[in-house]
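If you want the building blocks of each chain, they are given just below.
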Amino acid sequence: MKFQNVKGTRDFYPPEMAVRNWLVGKWREVSQRHGFEEYDGPALEYLDLYVAKSGEGIVSELYHFEDRGGRALALRPEMTPTLARMVAARANALPKPIKWFCVPNFFRAERPQRGRLREFLQWNIDIIGAPEDRTDLADAECISVALDLFEQLGLTTEHVEMRISSRTVFAEILSTLKIESDRHPLIFNVLDKRGKIPPEVFDAELAKTGLNETQRNTLNEMMSVRGDEAFSQVEAILGPSAKSDSSCAQLKSVLNALKEQDDRKALDYCVFDPSVVRGLDYYTGIVFEAYSTGDVRRAICGGGRYDNLLAEMGGGHLSGVGFGMGDVVLGEVLEECGLIPGLTESVECYVATEIAEKIPDVWTIVNILRRQMKQSCIFSYKAGSLKKQFQQAAQHRAEFCIIVGPSLAVKHMATGRQIDLDLPSNLHTGSAQKMLREELSKTFATLKQSDT
RNA sequence: GUGAGCGUAGCCCAAUUGGUUAGAGCACCGGGUUGUGGUCCCGGGGGUUGCGGGUUCGAGUCCCGUCGCUCACCCCA
């Protein structure tokens with residue numbers, strides 16, 4: 001084999017493409033039900049767009065090159081900069097809140113490993129410009145979209161959980177612990193690693209940021225519990241400042257909104273988990289990650305509130321919340337849970353003949369079916385044994401097989417029932433074609449009825 | 001970029017531990033039976049054992065290199 005696909009990319013043969021289309025279809029369906037509009041941007045952007053958001057360090061992580069005009073371009077590694085750019089360009093003209101989604105492919109120049117490729121699809125959901133005093137509802141709606149998707153895919157609370165935390169709660173805790181806010185980003189960065197490194201290493205890393213033992217222990221204890229217990233811990237740490245307008249209350253109101261849904265099922269997926277921090281500096285409010293409860297360890301999706309990002313990228317002061325969900329990890333989880341359906345492409349008709357001289361008639365009938373009757377239709381280019389052609393018809397999940405011989409026969413593949421029709425001697429007259437159409441329609445209907 | 005494991009047919013795997021001409025199954029193509037279908041039977045194409053070198057009378061098997069894949073680290077938008 002001389003050529004192969006580029007490392008970290010995938011070939012989608014028809015069976016894989018069917019699964020991909022199925023998944024993307026679910027993403028679209030759920031997005032639209034929640035009132036999100038689809039958009040897209042270019043796969044190529046100026047390299048500077050990403051440097052502006054993430055710093056020079058990002059350059060080694062993405063595919064970039066110089067075009068013939070000397071411009072530094074990059075293949076998009078994420079959507080947020082493009083989204084910010086697009087929103088900024090029409091910030092005043094777009095009705096708020098802006099609720100957009102997209103399902104683009106992204107490229108990252110990383111070493112592929114489990115759940116991570118160099119090209120992948122990612123569903124992006126964003127709500128921008130929600131009223132500042134009701135961002136809790138935007139947060140809840142955003143999370144609700146993800147949970148609805150899980151339900152649509154058959155992923156239950158047995159399979160996945162949504163871990164929710166809040167950067168503002170953390171900020172308040174750090175302030176209570178007398179840690180200046182300019183050190184918060186550095187500390188968040190360490191806190192984010194907590195689940196991935198041994199406890200001693202974690203403690204040492206925290207110590208490096210200048211936290212004393214009491215501060216470290218307080219954070220560690222709080223991050224080791226979840227749910228109501230975590231709320232108690234947080235409230236204990238915050239003490240008298242944990243009032244109704246506190247960050248903690250805001251987080252609770254997001255969870256409450258999810259609870260208010262009619263079936264209350266959404267909340268069952270969710271848990272307050274202070275160990276969720278997220279690695280990005282721009283998050284300003286709630287942060288959340290969905291995880292499989294099974295063997296797949298990576299996050300299925302992640303997101304949060306980013307109220308300053310748009311302004312930083314020149315988009316004016318607009319609140320924002322959103323998440324991304326990649327197809328790779330999700331696909332692995334679905335596979336593991338046996339939730340990927342059998343998706344064989346099917347056609348409505350197969351036209352067969354044993355007689356070589358009838359091939360022109362086959363071709364004519366195929367065209368009548370396709371062009372006049374709008375039926376999907378395939379046939380064999382060569383006359384041959386009916387056995388073989390039936391096998392092909394069955395392989396393609398044809399609903400009907402039309403056999404052209406001295407006369408016509410229509411066979412219903414599911415039941416094996418067969419009805420004979422006359423074959424007009426000249427298929428090229430309008431009246432013959434009209435008659436054939438009517439006969440075929442009637443026969444299809446009859447055979448379908450007998451099925452039920 | 002760092003480390004580890006693995007490379008035999010399109011796919012999943014064999015090959016008596018170094019011994020003749022590298023084999024099955026699935027898939028694909030062709031033929032036959034059931035006289036018009038997913039069964040069964042027969043046949044066929046397809047491999048320089050990733051590639052290159054070395055040790056040996058002899059290498060798919062051992063050694064070195066290289067490429068590729070996978071997993072982990074880094075990073076995670």
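Residues numbered from 1 in each chain as written. Chains lettered and ligands numbered in written order. Predicted model: local features only at pLDDT ≥ 70, side-chain atom pairs only at ≥ 80, totals over all residues. Heavy atoms only, no water.

Trainee: When you look at the protein's contact with RNA strand B in this model, what are you seeing that I'm missing?
Mentor: Lining the immediate surroundings of RNA strand B are 30 residues, of which K7, R116, L280, K387 and M413 lie closest. Atoms of RNA strand B within 4 Å of the protein belong to the sugar or the phosphate in 45% of instances, the rest to bases. Put simply, the parts of the chain that give the surface near RNA strand B at least two residues each are α15 (386-395) and β16 (408-412). Of all the elements, α15 adds the most residues to the surface near RNA strand B, at six residues. Taken together, the residues of the surface near RNA strand B sort by class into six nonpolar, eight polar and 16 charged. (Near = heavy atom within 4 Å. Helix = DSSP H or I, 4+ residues; strand = E, 2+ residues; numbered from the N terminus. Nonpolar A, V, L, I, M, F, W, Y, C, P; charged D, E, K, R; others polar.)

Trainee: What is the right way to look at the sheet that holds β16 in this model?
Mentor: Remark on secondary structure: sheet strands pair via backbone hydrogen bonds, oriented parallel or antiparallel. Read from one edge of the open sheet, five strands run β14-β13-β15-β16-β17, paired in mixed fashion. Since the sheet does not close on itself, it has two edges, and those belong to β14 (377-379) and β17 (418-421), each with one partner. Looking at each pair of strands side by side, their axes are set apart by 20° on average, direction ignored. Across three bridges, the pairing between strand β13 (residues 349-353) and β14 is parallel. By the bridge assignment for β14, V351 is matched with F379. This element, helix α14 (residues 359-372), spans β13, β14, β15 (400-404) and β16 of the sheet and lies at about 170° to β14. Lying over the sheet, α15 contacts β13, β15 and β16, oriented at roughly 170° with respect to β13. (Pairing = 2+ DSSP bridges. Axes fitted to C-alpha atoms, helices over the stretch in contact; angles between N-to-C directions. Contact = heavy atoms within 4.5 Å.)

Trainee: Where do I start with the confidence of the model for chain A in this structure?
Mentor: Fine structural detail should not be taken from predicted coordinates in areas where pLDDT scores are low. Here chain A averages 89 in pLDDT, and 97% of its residues register 70 or above. With a pTM of 0.90, the predicted complex shows an ipTM of 0.84. (pLDDT = per-residue confidence, 0-100.)

Trainee: I would appreciate a short explanation of the side chain of R76 in the present structure.
Mentor: Here R76 is to be found in the loop between β4 (72-75) and α3 (80-89). Residue class for R76 comes out buried when judged on its relative accessible area of 3%. One polar contact links the side chain of R76 to the main-chain carbonyl oxygen of G41, over a distance of 3.0 Å. Not counting residues within four places of it along the chain, the set of residues in contact with R76 comprises D40, G41, P42, A43, Y50, P104, N105, F106 and F107. (Buried < 20%, exposed > 50% of the residue type's maximum accessible area, 1.4 Å probe, protein only. Polar contact = N/O pair within 3.5 Å; in protein donor to acceptor, adjacent residues only side chain to side chain.)

Trainee: Looking at this structure, how should I read the pattern of salt bridges?
Mentor: When their charged atoms lie close together, side chains carrying opposite charge are able to pair. Counted under the stated rule, the structure contains 28 salt bridges. Put simply, D40 and R76 hold a salt bridge, and the shortest N to O gap is 3.0 Å. On the criterion of sequence distance, the pair formed by D40 in the loop between β1 (37-38) and β2 (44-46) and R76 in the loop between β4 and α3 is long-range, its members being 36 residues apart. Take D40: its relative accessible area is 45%, and that puts it in the partly exposed class. Two residues, E141 and K99, come together in a salt bridge whose shortest N-O distance is 2.9 Å. With E141 in helix α4 (residues 135-153) and K99 in strand β5 (residues 98-102), this residue pair connects regions lying 42 residues apart in the sequence. (Salt bridge = Lys/Arg side-chain N within 4 Å of Asp/Glu carboxyl O.)

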